[in-house]
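Overview (structure and organization)
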Amino acid sequence: MTSDLTPDAPHATTPAEKQAAQTVEQLIRHRLSTALGGWRGSIETALPTIAFIAVWSARQDLRQAVWSAVAVAVVLAVVRLVQRSSLQHVLGAVFATAIAAFFAMRSGKAEDAFLPGMLLSGAYLVGTVVSILVRWPVVGFLVGAGDPRAADDPFGWRRDRGMVRVCSRLSWVLVALYAVRLSIQVPLYLAGQVAGLGVAKIVLGWPLWIAGVAVMGWLLMRGSTPQEIDPDLVADDGGPAQSST
């Protein structure tokens with residue numbers, strides 16, 4: 001009888017991952033590289049905003065600016081369909097553009113097109129803090145998404161106490177990102193600076209996310225947390241404590 005919960009055989013790793021990752025930080029780097037998307041999605045997210053700001057700056061016409069952003073989002077979706085590629089990111093851009101258009105057209109204020117994004121950032125900030133406090137850090141879900149066994153055991157990462165601690169530290173980086181976004185966007189919104197909001201949304205989108213990932217990478221390079229299974233969490237999740245050989 002041998003235990004699957006020994007440090008040499010952590011439940012959340014596959015044999016290939018155990019060979020490549022001896023610490024929690026190494027495993028997280030491997031998992032995040034699997035879970036994160038590419039550059040095209042970030043461009044598709046930014047283009048409707050660029051169209052909105054360009055038309056608004058040139059014509060000061062809210063209706064034309066809104067429909068220009070919607071048209072760009074729809075074109076991006078059509079291109080994806082023609083190429084038979086994933087619609088994941090572009091559908092997010094279409095949905096976000098539609099919500100922004102609704103807010104702006106309803107109030108008649110161009111700056112209100114950016115209000116949904118700020119409200120979402122505020123919700124993410126609060127939600128991320130809560131996730132850390134209850135020991136279900138948001139970054140852990142990203143790490144779990146990169147697990148080859150995610151479909152069968154999506155919360156296996158929580159059985160590793162070291163994983164939870166490191167993911168909590170990394171989740172504080174996300175809290176800082178949302179705080180930076182709001183600290184810049186809210187004053188611009190209150191001042192009615194539409195062009196400034198557009199620039200801020202683009203700069204504080206993917207570029208800020210890249211900066212956050214860089215900080216996470218720095219933290220992961222510095223750490224050397226051993227993988228450590230928590231028997232209490234295994235029992236709570238109903239996972240097997242032992243297996244026969």
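Here the structure is shown first, and the text comes after it.
The following paragraphs examine the structure supplied in this document. (Residues numbered from 1 in each chain as written. Predicted model: local features only at pLDDT ≥ 70, side-chain atom pairs only at ≥ 80, totals over all residues. Heavy atoms only, no water.)

1. Looking at unusual backbone geometry
Unlike most non-glycine residues, Q60 shows phi in positive territory, near 55 degrees. On the secondary structure map, Q60 appears in the loop between α3 (39–59) and α4 (62–83). Positive phi outside glycine occurs at R135, with the angle close to 65 degrees. As for its placement among the helices and strands, R135 is situated in the loop between α6 (115–133) and α7 (138–145). (Helix = DSSP H or I, 4+ residues; strand = E, 2+ residues; numbered from the N terminus.)

2. As for the nonpolar core
Core analysis: the biggest nonpolar cluster contains 19 residues, and I28, V139, L170 and L174 have the highest contact counts within it. Those elements that place two or more of their residues in this core are α7, α8 (161–190) and α10 (206–222). The element contributing the most residues to this core is α8, with nine residues. Apart from the residues within four sequence positions on either side, L170 is in contact with I28, V139, M216, L219 and L220. Among the nonpolar cores identified, the runner-up in size contains 16 residues, and F52, A69, A113 and V194 belong to it. (Core = buried A, V, L, I, M, F, W, Y, C linked by side-chain atoms within 4.5 Å. Buried < 20%, exposed > 50% of the residue type's maximum accessible area, 1.4 Å probe, protein only. Contact = heavy atoms within 4.5 Å.)

3. Re α7
Within α7, the full set of buried residues consists of V139, G140, V143 and G144. Burial along α7 is one-sided: seen end-on, the buried residues are contained in an arc of 145 degrees. (Arc of directions from axis to C-beta.)

4. Notes on the packing of α6 against α8
In contact at an axis separation of 9 Å, α6 and α8 are set at 155 degrees when each is read in the N-to-C sense. By the angle between their axes, α6 is roughly antiparallel relative to α8. Here the hand of the crossing between α6 and α8 comes out left-handed. Two secondary-structure elements touch here, α6 through L115, M118, S121, G122, Y124, L125, T128, V129 and I132 and α8 through S168, S171, W172, L174, V175, Y178, A179, R181, L182, Q185, V186 and Y189. (Axes fitted to C-alpha atoms, helices over the stretch in contact; angles between N-to-C directions. Parallel < 35°, antiparallel > 145°, perpendicular 65-115°, else oblique. Left-handed = near helix turned anticlockwise from the far one by under 90°.)

5. Let's talk about helix α9 (residues 194–203)
For α9, every residue scored as buried is listed here: V194, L197, G198 and A200. Down the axis of α9, the buried side of the element spans an arc of 165 degrees, and every buried residue falls inside it.

6. With respect to a nonpolar patch on the surface
The grouping of V126, V130, L133 and V134 at the surface amounts to a nonpolar patch, some 380 Å² of accessible area in total. Since its relative accessible area comes to 63%, L133 is described here as exposed. (Patch = residues over 30% accessible without salt bridge, like charges linked within 9 Å, V, L, I, M, F, W, Y side chains within 5 Å. Areas by Shrake-Rupley, 256 points an atom, 1.4 Å probe, with all protein chains shown as cover. Salt bridge = Lys/Arg side-chain N within 4 Å of Asp/Glu carboxyl O.)

7. Structural notes on the packing of aromatic side chains
Under the definition given, this model contains eight aromatic pairs. Taking the centre distance of 5.9 Å and the plane angle of 85 degrees together, the rings of F52 and F114 count as edge-to-face. Placement of the pair is F52 in helix α3 and F114 in the loop between α5 (88–107) and α6, with a sequence separation of 62 residues. The exposure class of F114 is buried, given its relative accessible area of 7%. When the centroid spacing of 5.4 Å and the interplanar angle of 70 degrees are considered together, the rings of F141 and W157 count as edge-to-face. Pair noted here: F141 is in helix α7 and W157 is in the loop between α7 and α8, with a separation of 16 residues, a long-range link. An aromatic cluster of three or more residues is present, and its members are W136, F141, F155 and W157. Its guanidinium or amino end placed over the ring of W136, R158 lies 4.0 Å from that ring's centre, counting from NZ or CZ. (Phe/Tyr/Trp six-rings, centres within 6.5 Å; stacked < 30°, edge-to-face > 60°. Lys NZ or Arg CZ within 6 Å of the ring centre and 35° of its normal.)

By themselves, these are just geometric observations and shouldn't be taken as functional.
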